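The lines below spell out each chain.
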Amino acid sequence: MPIKAILTDIEGTTSAVSFVFDVLFPYAAKHLPDFIRENAGRADVAEQLAAVRHDCGEPQADVERVIEILLAWIGEDRKAPPLKALQGMVWEQGYQAGQLKGHVYPDAVEALKRWHQEGYQLFVYSSGSIQAQKLIFGCSDAGDLSPLFSGYFDTTSGPKREAQSYERITQAIGVEASQILFLSDVVQELDAARAAGMATCGLAREGGELAGHVTVDSFARINPSAL
Ligand SMILES: CSCCC(=O)C(=O)COP(=O)(O)O
Ligand SMILES: [Mg+2]
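Numbers given to residues run from 1 along each chain, matching the order in which its sequence is written. Numbering of ligands from 1 and lettering of chains from A proceed in the order in which they are written. It should be noted that, the model being predicted, local features are given only for residues of pLDDT at least 70 and side-chain atom pairs only at 80 or more, the latter also being counted only at that level, while totals for whole chains, interfaces and linings use all residues. Only heavy atoms go into the side-chain values, all of them from the structure, while hydrogens and water stay out.

As annotated in an unreviewed UniProt entry, the protein chain carries the name Enolase-phosphatase E1 and comes from Pseudomonas cucumis. UniProt positions are given in the numbering used here, feature names are shortened, and annotations may be inferred rather than shown by experiment. On record in UniProt, under Catalytic activity (unreviewed entry), the comment for the protein chain is "5-methylsulfanyl-2,3-dioxopentyl phosphate + H2O = 1,2-dihydroxy-5-(methylsulfanyl)pent-1-en-3-one + phosphate". Listed under Sequence similarities (unreviewed entry) in UniProt, the entry text for the protein chain is "Belongs to the HAD-like hydrolase superfamily. MasA/MtnC family."

In structure tokens, the structure reads:
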């Protein structure tokens, strides 16, 4: 069956790992403490702080303790949904202030624009929150890429290394799994997508092979109609 939709990861796929690790995470680590102190009473922030207390088994943790936990989670790249939601809120301030611009590889920009024009539906699946995904593409160094995308998925659809998450996403997209091409730099994510019936293509930006999957080093080498 022909590919109709393309679902892409962000970190290491459309965008440099170094942008996430050397720009976004340090920005969040620097600004998250004051953001939480100033906004702990806001309903959307309070909801995430409660989720942190629940997830770490410390229901009585005060705001300073929650901040300490969140900074430790940033340090270990924990894909915890409340951390990801709060990071998205902090990054929004950075993008709005012009301190952040989303990195998207030029070959990804070119291919995403071409695929959109050719009629493929484009979707994103990242551990970053949907808000963070919209920001990286909406405020990218190549301009506003958000009109290219038909939808966004984060870990509220499930963890990226579990086949069930891709089954849920397939339901939401509304085409056969075999008509969705998933792009990622992580072999466990590609394996999970394939187990759910999706077509896969690995991105190895520094070269190399993602075992068992067609692997390329640039979006320029992906031809969805030939997969
Ligand atoms: C949405 S940009 C921030 C990326 C992020 O927070 C992250 O954890 C990267 O996850 P990915 O699933 O894109 O590898
Ligand atoms: Mg990735």
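Moving on from the coordinates now.
Trainee: Would you explain the coordination of the magnesium ion (ligand 2) in this entry?
Mentor: By definition of the ideal shapes, a tetrahedral metal site with four donors has angles of 109.5 degrees and an octahedral site with six donors has angles of 90 or 180 degrees. Metal coordination here is assigned from N, O and S atoms located within 2.8 Å of the ion, or within 3.2 Å for Na, K and Ca; omission of water means that sites may look incomplete. Protein-derived ligands of the magnesium ion (ligand 2) are Asp9 (OD), Glu11 (O) and Asp185 (OD), with the metal-ligand distances lying across 2.1 to 2.2 Å. We note that the donor set of the magnesium ion (ligand 2) lies within a single chain, spaced as D-x1-E-x173-D. Of this pair, Asp9 sits in the loop between strand E1 (5-8) and helix H1 (17-39) while Asp185 sits in the loop between strand E4 (180-184) and helix H8 (187-195); the two residues are 176 residues apart in sequence, bridging distant segments of the chain. Partly exposed residues are those whose accessible area sits between 20% and 50% of the maximum for their type, while under 20% is buried and over 50% is exposed, using a 1.4 Å probe and protein chains only. Here Asp185 falls in the partly exposed class, since its relative accessible area comes to 22%. Strands here mean DSSP runs of E at least two residues long; helices mean DSSP runs of H or I at least four residues long; both are numbered from the N terminus.

Trainee: In this structure, what is going on with the site of ligand 1? I would like to understand it.
Mentor: Near ligand 1 lie 14 residues; those nearest to it are Lys79, Lys84, Ser126, Ser127 and Lys160. Between ligand 1 and Ser126, the relevant distance is 2.8 Å, taken from an oxygen atom to a side-chain nitrogen or oxygen of the residue. Between an oxygen atom of ligand 1 and a main-chain N or O atom of Ser127, the distance comes to 2.8 Å. Per-residue and other accessible areas follow the Shrake-Rupley method at a 1.4 Å probe size, with only the shown protein chains counted as cover for residues. Protein contact buries 98% of the 400 Å² of open area that ligand 1 shows by itself. Detection works on a 1 Å grid of protein atoms alone, calling trapped sets that fit a 1.4 Å probe cavities and calling open sets with protein on both sides within 12 Å along at least five of seven lines pockets, with lining residues defined by an atom within 4 Å of a point. A cavity or pocket is said to hold a molecule if more than half of that molecule's atoms lie within 2 Å of its grid points. Among the detected pockets, ligand 1 sits in the largest pocket. Each residue gets one label: Ala, Val, Leu, Ile, Met, Phe, Trp, Tyr, Cys and Pro are nonpolar, Asp, Glu, Lys and Arg are charged, and the others, such as Gly, are polar. Within the shell around ligand 1, the residues separate by chemical class into five nonpolar, four polar and five charged. Residues are labelled near a given molecule or strand when at least one of their non-hydrogen atoms is within 4 Å of it. Under the rule applied, a polar contact is a pair of N or O atoms within 3.5 Å (in protein, one hydrogen donor and one hydrogen acceptor; residues adjacent in sequence only if both atoms are side-chain atoms).

Trainee: Which parts of the structure should I look at to understand the packing of helix H3 (residues 63-75) against helix H4 (residues 81-96)?
Mentor: Between two packed helices, both the angle of their axes relative to each other and the distance between the axes serve to describe the pair. Interaxial angle, 0 to 180 degrees, is taken between N-to-C directions of lines fitted to C-alpha atoms, where a helix line uses only the stretch in contact. Between H3 and H4, the least distance of the axes is 10 Å, while the angle of their chain directions is 95°. Here H3 is positioned roughly perpendicular relative to H4, judged by the angle of their axes. Mapping the contact onto sequence places Leu70, Trp73 and Ile74 in H3 and Pro82, Leu83, Leu86 and Gln87 in H4. The residue makeup of the contact of H3 with H4, split by class, is six nonpolar, one polar and no charged. Convention used here: angles under 35 degrees read as roughly parallel, angles over 145 as roughly antiparallel, angles from 65 to 115 as roughly perpendicular, and any remaining angle as oblique. Residues count as neighbours in contact if any of their non-hydrogen atoms are within 4.5 Å of one another.

Trainee: Explain the pattern of salt bridges here, please?
Mentor: A side chain of one charge can pair with a side chain of the opposite charge if their charged atoms are brought near each other. What counts as a salt bridge is simple: a side-chain nitrogen of Lys or Arg found within 4 Å of a carboxyl oxygen of Asp or Glu. Here the structure, examined in full by the defined rule, presents 13 salt bridges. A salt bridge links Lys160 to Asp9; its shortest N-O distance comes to 2.6 Å. With Lys160 in the loop between strand E3 (149-153) and helix H7 (163-173) and Asp9 in the loop between E1 and H1, the pair connects residues that are 151 residues apart, well separated along the chain. A salt bridge links Arg65 to Glu58, with the shortest nitrogen-to-oxygen separation between them at 2.8 Å. Linked through salt bridges whose partners overlap, the residues forming this network are Asp9, Lys160 and Glu189.

Trainee: For this particular structure, what's the right way to read the side chain of Lys84?
Mentor: Along the polypeptide, Lys84 turns up in helix H4. Within polar-contact distance, the side chain of Lys84 engages the side chain of Gln87 at 3.0 Å. Residues within four places of Lys84 in sequence aside, it is in contact with Phe25, Arg78, Lys79, Ser127, Gly128 and Ser129.

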